[in-house]
Amino acid sequence: MTRADAPFPEREWRLTRGRHSDDVNAEVREAVERDGYSLFRIGLSLAETPKS
């Protein structure tokens, strides 16, 4: 997820769908506001989940 005015890094990521800020949780909105983006991986298995 990126801010509306931020370019999408097409070489590194694949856009799967667009979402309005009302359709994401507060943690994602805060990350986008702070960093300009929020990345997440679809189809991550439990074994691949970061332990942090």
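Anyway, here's the lowdown on the structure attached to this text. All residue numbers refer to positions counted from 1 along the written sequence of the respective chain. It should be noted that, the model being predicted, local features are given only for residues of pLDDT at least 70 and side-chain atom pairs only at 80 or more, the latter also being counted only at that level, while totals for whole chains, interfaces and linings use all residues. Side-chain measures here rest on the full set of heavy atoms in the structure, leaving out hydrogens and waters.

1. Considerations on the overall build of the protein
Step number 1: Looking only at helices and strands, the protein features one helix and zero strands.
Step number 2: Between buried and exposed lies partly exposed: a residue is buried under 20% and exposed over 50% of the maximum accessible area for its type, with that area taken using a 1.4 Å probe on protein chains only. Across the 52 residues that make up the protein, the buried fraction comes to 12%.
Step number 3: Sequence separation of 24 or more characterises 50% of the internal contacts of the protein that already satisfy a separation of 6 or more.
Step number 4: For the area figures, the Shrake-Rupley method with a 1.4 Å probe applies, and any residue is considered shielded solely by the protein chains shown. Of the accessible surface of the protein, which amounts to about 5000 Å², a share of 50% is contributed by carbon and sulfur atoms. Helix and strand labels come from DSSP, where a helix needs a run of H or I of at least four residues and a strand needs a run of E of at least two; each type is numbered from the N terminus. Contacts were defined at the residue level, with two residues in contact if any of their heavy atoms lie within 4.5 Å.

2. Quick look at the pattern of salt bridges
Step number 1: By convention in these notes, a salt bridge is any Lys or Arg side-chain nitrogen within 4 Å of a carboxyl oxygen on Asp or Glu. All chains considered together, the criterion is met by two salt bridges.
Step number 2: When the shortest N-O distance is used, the salt bridge between Arg 19 and Asp 23 registers 3.3 Å.
Step number 3: Across the pair Asp 35 and Arg 34 runs a salt bridge, and its minimum N-O distance is 3.1 Å.
Step number 4: Taking relative accessible area as the criterion, Asp 35 reaches 38% and is therefore assigned partly exposed.

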